[in-house]
Amino acid sequence: MLLTGPEGLKALTTAYETGRALPGFVAYNLETVQGIVAAAEANPESPVLIQAGSSAFKHAGRDALMRLALDAAAASPAPLGVHLDHSRDLDEITACLRAGYTSVMIDGSHLPFAENIALTREAVRRARDHGAWVEAELGALAGDEDVSTNATAAPTAMTDPAQAAEFVAETGVDALAVAVGNVHGFTTHPVRLDLDRLAAIHSTVPVPLVLHGASGLPEDQLLAALPRGVAKINVNAELRRAYLQAVSTQLPTALPGSDVVSLWSAARDAVAETATRIITQLTQSSPSTTSSPPTTSIPSTTSNPPATSSPSAISSPSATSSPSGV
């Protein structure tokens, strides 16, 4: 069931109001789409986003992957949105909106502040014509969306709470992706979210926040983000790892008979299992809801994130590296 129009935004705002998070799973091909859908169908009360976005289009082709994700969501009984992740191209956004995407992310985080506002404002205008909601990004995340590069967060690139408030007011965006110590891809460096900064952003911004780079985050960090306004969490590296580990395990059996179907099936099942576990983690009630932002002072852009260590909340049992990914 494709969450079109108001139903798409309602899934996000309901998560925000109840201290939960909407999982956004990145898809690259048929098997990852099928695995995500299977996980959603195993949790039919919890909306899920299939994120078929710009970087994946380079591999699969925009029209092919776009149609695959939309058709799979529409055919499923589970509540599913299809989200364009990390797009910098307004024409690409328009094409996805016309095709039926339920939400889009315009990524102007690489631009000067005023240019990011202008680009995001135009994306919001176009999305409104199609009944879709819009995510934007302020601040810069280290790392690569598709390959783990052992990235380290740069304190000077974190989201500024005062700028975030101005940005949301000027653009009318529905959700804001923030940089608070999170990074793209797995890394051996300990990842510590700046929870004080996150709380300060939440206290000044009236829309749900989005956390990219969630794969492998320590459980206490992940759960602490939910009552601080995070209502959408992106997961990519964890699914990639599960997919590749399944292929690696199945390959010796598959090679003698050139049995590619067994490889694809194993990969799909691994994605489904991993996504199912993550959906359960993210859709349980957090200790407190987001209706009352925590009181905190606004940290400076050079403040150090609080140190913590904890078992990983989004991490496969065989993972040996530290967070984070997507």
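Thresholds applied
Residues numbered from 1 in each chain as written. Predicted model: local features only at pLDDT ≥ 70, side-chain atom pairs only at ≥ 80, totals over all residues. Heavy atoms only, no water. Helix = DSSP H or I, 4+ residues; strand = E, 2+ residues; numbered from the N terminus. Buried < 20%, exposed > 50% of the residue type's maximum accessible area, 1.4 Å probe, protein only. Contact = heavy atoms within 4.5 Å. Areas by Shrake-Rupley, 256 points an atom, 1.4 Å probe, with all protein chains shown as cover. Axes fitted to C-alpha atoms, helices over the stretch in contact; angles between N-to-C directions. Left-handed = near helix turned anticlockwise from the far one by under 90°. Nonpolar A, V, L, I, M, F, W, Y, C, P; charged D, E, K, R; others polar. Pairing = 2+ DSSP bridges. Phe/Tyr/Trp six-rings, centres within 6.5 Å; stacked < 30°, edge-to-face > 60°. Expected span 1.5 Å × (residues − 1). Salt bridge = Lys/Arg side-chain N within 4 Å of Asp/Glu carboxyl O.

Notes on the overall build of the protein chain
At step 1: Looking only at helices and strands, one finds eleven helices and eight strands in the protein chain.
At step 2: Looking at the 326 residues of the protein chain, the share that counts as buried comes to 54%.
At step 3: Within the protein chain, contacts between residues at least 6 apart in sequence are counted, and of these 79% link residues at least 24 apart.
At step 4: Looking at the protein chain as shown, the accessible area adds up to about 12600 Å², and 54% of this sits on carbon and sulfur atoms.

Some remarks on the packing of helix 6 (residues 113-128) against helix 7 (residues 161-171)
At step 1: Across the interface, helix 6 lies against helix 7 with an axial gap of 9 Å and an inter-helix angle of 35°. As helix 6 runs across helix 7, the sense of the crossing is right-handed. When helix 6 is examined against helix 7, the residues Phe 113, Asn 116, Ile 117, Thr 120, Arg 121 and Val 124 are found in contact with a partner set consisting of Gln 163, Glu 166, Phe 167, Glu 170 and Thr 171.
At step 2: Of the residues assigned to the contact of helix 6 with helix 7, the class counts are four nonpolar, four polar and three charged.

A look at the environment of Arg 62
At step 1: Residue position: Arg 62 is located in helix 4 (residues 62-75).
At step 2: For Arg 62, a relative accessible area of 33% translates into the label partly exposed.
At step 3: Every residue in contact with Arg 62, bar those within four places of it in the chain, is listed here: Phe 57, Glu 92 and Ala 95.

Considerations on unusual backbone geometry
At step 1: Positive phi outside glycine occurs at His 86, with the angle close to 50°.
At step 2: The buried category is assigned to His 86, whose relative accessible area is 7%.
At step 3: Even without being glycine, Ser 258 reaches a positive phi, approximately 50°.
At step 4: Looking at the secondary structure, you find Ser 258 in the loop between helix 10 (237-254) and helix 11 (260-282).
At step 5: Under the relative-accessibility criterion, Ser 258 is labelled exposed at 60%.

Things to note about the sheet that holds strand 4 (residues 103-106)
At step 1: Pairing is parallel in the closed barrel, where eight strands are placed in the order 1-2-3-4-5-6-7-8. Looking at each pair of strands side by side, their axes are set apart by 25° on average, direction ignored.
At step 2: Contacts from helix 1 (residues 6-17) reach strand 1 (22-26), strand 5 (133-138), strand 6 (175-178) and strand 8 (230-235) within the one sheet, and its direction differs from that of strand 8 by about 110°.

Here's the deal with the packing of aromatic side chains
At step 1: Throughout the structure, instances matching the rule amount to one aromatic pair.
At step 2: Pairing Phe 113 with Phe 167 gives two aromatic rings, centres 6.3 Å apart and planes at 45°, and the pair type is tilted. Placement of Phe 113 in helix 6 and of Phe 167 in helix 7 is noted, with a sequence separation of 54 residues between them.

Some thoughts on the pairing of strand 1
At step 1: When you tally the buried positions in strand 1, you get five out of five residues, the bulk of the element.
At step 2: Relative to strand 8, strand 1 is paired through four bridges, and the arrangement is parallel. Across the sheet, residue Pro 23 finds its bridge partner in strand 8, namely Ile 233.
At step 3: Bridge count between strand 1 and strand 2 (residues 48-51): three bridges; the pairing is parallel. Bridging from a neighbouring strand, Gly 24 pairs with Leu 49 of strand 2.

Description of helix 11
Within an α-helix, residues lying three or four positions from one another point in the same direction, as the helix has 3.6 residues per turn.
At step 1: Between its first and last C-alpha atoms helix 11 spans 33 Å; for 23 residues at 1.5 Å apiece the expected length is 33 Å, and the two agree.
At step 2: When helix 11 is considered as a whole, its buried residues turn out to be Ser 262, Leu 263, Ala 267, Ala 270, Val 271, Ala 272, Thr 274, Ala 275, Ile 278, Ile 279 and Leu 282.
At step 3: If you follow the buried residues of helix 11, they end up packed against strand 1, helix 2 (30-42), strand 2, helix 9 (219-225), strand 8 and helix 10.

What about the pattern of salt bridges?
At step 1: Per the counting criterion, the structure on display carries nine salt bridges.
At step 2: For Asp 71, the salt bridge identified is with Arg 67, shortest N-O distance 3.1 Å. Here Arg 67 and Asp 71 lie together in helix 4, a separation of four residues that amounts to about one turn.
At step 3: What makes Arg 67 partly exposed here is its relative accessible area of 39%.
At step 4: When salt bridges with common partners are traced through the structure, they connect Glu 122, Arg 125, Arg 126 and Asp 129 into a single cluster.

Shape is all these values report; function is a separate question.
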